[in-house]
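Examining the three-dimensional arrangement
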Amino acid sequence: MNPLLLPREVTATDAWVGVVWPGAQPPASMTIVGGPAEQPVGAAWQPVFSIDPRQPSSFQRAQVSGLSPGTSYQLALVSGGQVLAQCRLKTLPDALPSASLPLNMLIASCYSELRDGAGALGRAYARLPAASQPDLAIMMGDQVYLDTPVAHFLLRRHTPEQLAFEFASNYQATWAANQPDTGFGPLATGVAAFLSGDDHELWNNAPTPAVHLPDTWTGDGREIWSKIAALLFDAYQTPRRLHALELPPLSIRSVDTRFARAADHSVFMDPQAMTEIAAWLATLSGPGMLILGQPIFVTEAGWRGNLADWGLPDFAQYDDLVRALTSVQHDVLVVTGDVHFGRVAEAVLPNGSRLVEIIASPMVLVDDRAGRSWHEPPSAFPARPVPCAPTSAVTVNPYRTIENHFSILSLWAEGQAVRVDHSGWEIGVDGSLPRPVPGYSGRLQ
Amino acid sequence: MFAIRHSGAAAPNALVKAQPARRGEGNVAWLERTGVGEGVLLLGGSQLTGVRLRVAQSRLRSDISPSHWSFAGLISQGVVTTSPLDAIGDPGEFAAHNGVSRVDAPMFDDPDRYPNIAVLVFTAQYAPVLDALDQIESGRAVLDVPALTVAWLAALWAVDELDAPLRAGRGMPGAAVVALAHAIAGLQLTPGLESTATCPEAIWQAARWWADFYRESATVALRAGATQFTGHAQPAVPAGMYAIRSRLVEPLQTSPREVTST
């Protein structure tokens, strides 16, 4: 495996990159070039699992500062005059641009590297027309399926070393294959990404024990699995669980709804994060965008949750989220994934504010038995009674897809409002002919 | 979806009490005797329109008997704000006010025409609910009352199936106005519905069987304080009175679930 330079969160003037150094000790002197000045890579390496237990990899995050707003950068990891890894990113603009040059945001979830033998995702991404190429990417979870191939986990338990090997192999196959134009490669290194995880960054329906995964049947087993998976997530994806982007007049939050999930169905996100999200929603001065790991327009899974996946309404904390969302004074766009189909739905709140939900899933479907079917949202939001939250009718947009896809949101400012033009991009069999499907188009106030 | 949830309550809300009508007593006199000045007024009609509307809501009752109610409005100072299907008036004016109109309570005084009556209170502060009426009247973006009216007239005239509007998620106009005014004020009026097909029967069941839900709502609102719910009314366990003079059919005495929709 080669070293990796992974573009992560950006602001108008700063960028964070993940540096993953495989196997042996990293060189004492490395720099990141391509910014306004050479940026030394510090010595604060943390070990992370590799496919060789005798030689763990190392990772750290580096902040590149002094960048210009809305500017593309090609960064390189350099040691001894040799370029070891490269990545591209674009800083955020100071504010949402005008209609003449919209900000393009890729939104996506659910990528099974095992099922993308043809590298279709990267090929489709590379063939996006210039006007649709993203300035940044939002990934809502299941960027890896650590509990696949199922046969590896089905009938036996594993030692921590074996789990680490399996998971590290999975991450390396997804992120480190590093082909510039196929698979996950272009998304791994070609665009600044705000990432959050979902269950398959751990295991199906985590933290609930999975019937088909003996490693998750005991508390100790789940703890070992979780620790290994979380460290790899921090290294290859991000240690942040809450992202904040300000693109006036649009304000954006992306929050993890999996890693802090409680098995007793009390919370799906860290309570402090919930407090921050509720406060943010209550004080929005313009349209908001909330990125979650799972949909809000959904009914309780009920007993089915034991077999498939619990949804947000199966948790007591859903009431807090619903109350915060139904109290907003501005329109909120909720962007999410997980469910293996693309859908757009909308609820008009009693005060006239709108909640628009866009689902983008999957990039590459993990298993045909877990997809290829589209589901209507419930007719009302919330779909179960929530104290102090009014109920609103949910209407469905004609847009729907069950194909592998990602979506592009083109965003621009119209005074204090935000225009959103959404298209799903179906990847097709090998990615050579990605097909746009018009989705939501509207003005958020 | 056209269904109602069971609240799980073992007994009806004790704060919603029967106040039988006296011999020859009109509805206005009955209302005065309750001492309730502001709240939700439910009426059950005995004429064709009222009876058909009562039958249309049968599916929401566990014993599928006709509802006691065909009308919902918001009463304050003897004036009822609603959207009556049997008094549309000038169509142009109707649309200009989003179907919202105000009628004097004496219009409903005749107990032969409106044998059933209830007045229900979901908060101690009705000012935010009444204030919300202006918002509903001034635009159709959130609630399109004329569209609901068209659907219900089609059902009443047998152009469509009688329960087609509720099956399509279209509430009854007067009840929808009442529910939205409460919703704008932060009060959920139909927790038992799986859709937004608001109707008088759903409001009645909320008051009768969802006391625990409102108790929890009151607790949540108090805990949140004024920050999150500024401009909202403080929820309360529903209270009120009712008089049922006409049931259309007698309840099934043997059904253990009948009680949940009395």
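**Describing the interface of chain B and chain A**
In this assembly, 23 residues from chain B lie in contact with 21 residues from chain A. Both sides together, the interface formed by chain B and chain A hides about 1600 Å², and carbon and sulfur atoms give 62% of it. Where chain B meets chain A, there are zero salt bridges. Taken together, the connections running from chain B to chain A amount to three residue pairs in polar contact (both at pLDDT 80 or more). Broken down by secondary-structure element, the contributors of at least two residues to the side of chain B that touches chain A are helix 7 (173-184) and helix 9 (211-228) of chain B. Of all the elements, helix 9 of chain B adds the most residues to the side of chain B that touches chain A, at six residues. Residue composition of the side of chain B that touches chain A, by class: 13 nonpolar, seven polar and three charged.

**What to know about the packing of helix 6 (residues 271-282) of chain A against helix 7 (residues 317-325) of chain A**
In a packed pair of helices, the relevant descriptors are the angle between the two axes and the axis-to-axis distance. Residues and elements named next belong to chain A. It is at 9 Å that the axes of helix 6 and helix 7 come closest, and there the two elements cross at 15 degrees. As judged from the angle between their axes, helix 6 and helix 7 are roughly parallel. For helix 6 against helix 7, the interelement crossing comes out left-handed. Facing Pro271, Met274, Ala278 and Leu281 of helix 6, the residues of helix 7 in contact are Gln317, Asp320, Leu321, Ala324 and Leu325.

**As for the domain arrangement of chain A**
Residue and element names in this part refer to chain A. For chain A, the assigned domains are domain 1 (1-91) and domain 2 (95-444). Each of domain 1 and domain 2 has a C-alpha centre, and the two are 26 Å apart. Across the boundary between the two partners, domain 1 contributes 22 residues, which contact 28 residues of domain 2. Our count for the domain 1 to domain 2 interface comes out at one salt bridge. Put simply, Lys90 and Asp135 hold a salt bridge, and the shortest N to O gap is 2.8 Å. Summed over the shared surface of domain 1 and domain 2, the result is eight residue pairs in polar contact (both at pLDDT 80 or more). Contributing elements (two or more residues each) for the side of domain 1 that touches domain 2: strand 1 (4-10), strand 2 (15-21), strand 5 (46-48), strand 6 (57-64) and strand 8 (82-90). Broken down by element, the residue count for the side of domain 1 that touches domain 2 peaks at seven residues, all from strand 1.

**Comments concerning a nonpolar patch on the surface**
All names here are of chain A. Together, Val150, Leu154 and Leu155 line one region of the surface with nonpolar side chains, adding up to about 290 Å² of accessible area. Structurally, Leu155 is set in the loop between helix 2 (150-153) and helix 3 (160-176). A residue is classified by how much of its surface remains accessible, and Leu155, at 79% relative accessible area, is exposed.

**Examining the pattern of salt bridges**
Residue and element names in this part refer to chain A. This structure, assessed with the given rule, holds 27 salt bridges over all chains. Residue Glu246 pairs with Arg253 through a salt bridge whose shortest N-O separation is 2.8 Å. One salt bridge connects Asp367 with Arg369, and the closest N-O pair in it is separated by 2.7 Å. Residue class for Asp367 comes out partly exposed when judged on its relative accessible area of 23%.

**What to know about the side chain of Arg5 of chain B**
Along the chain, Arg5 of chain B falls in the segment before strand 1 (16-18). Buried Arg5 of chain B, no salt bridge; nearest opposite-charge side chain is Glu194 of chain B, N-O distance 4.5 Å. Looking at Arg5 of chain B, its side chain comes within polar contact range of the main-chain oxygen of Leu193 of chain B, at 2.7 Å. Once you skip the residues sitting within four places of it in the chain, Arg5 of chain B turns out to touch Ala383, Arg384 and Pro385 of chain A together with Pro191, Gly192, Leu193, Glu194 and Trp210 of chain B.

Thresholds, definitions, all that
Residues numbered from 1 in each chain as written. Chains lettered and ligands numbered in written order. Predicted model: local features only at pLDDT ≥ 70, side-chain atom pairs only at ≥ 80, totals over all residues. Heavy atoms only, no water. Contact = heavy atoms within 4.5 Å. Buried area = accessible area lost by both parts, 1.4 Å probe. Salt bridge = Lys/Arg side-chain N within 4 Å of Asp/Glu carboxyl O. Polar contact = N/O pair within 3.5 Å; in protein donor to acceptor, adjacent residues only side chain to side chain. Helix = DSSP H or I, 4+ residues; strand = E, 2+ residues; numbered from the N terminus. Nonpolar A, V, L, I, M, F, W, Y, C, P; charged D, E, K, R; others polar. Axes fitted to C-alpha atoms, helices over the stretch in contact; angles between N-to-C directions. Parallel < 35°, antiparallel > 145°, perpendicular 65-115°, else oblique. Left-handed = near helix turned anticlockwise from the far one by under 90°. Domains from an automatic or database assignment. Patch = residues over 30% accessible without salt bridge, like charges linked within 9 Å, V, L, I, M, F, W, Y side chains within 5 Å. Areas by Shrake-Rupley, 256 points an atom, 1.4 Å probe, with all protein chains shown as cover. Buried < 20%, exposed > 50% of the residue type's maximum accessible area, 1.4 Å probe, protein only. Lys, Arg positive; Asp, Glu negative; His and termini not counted.

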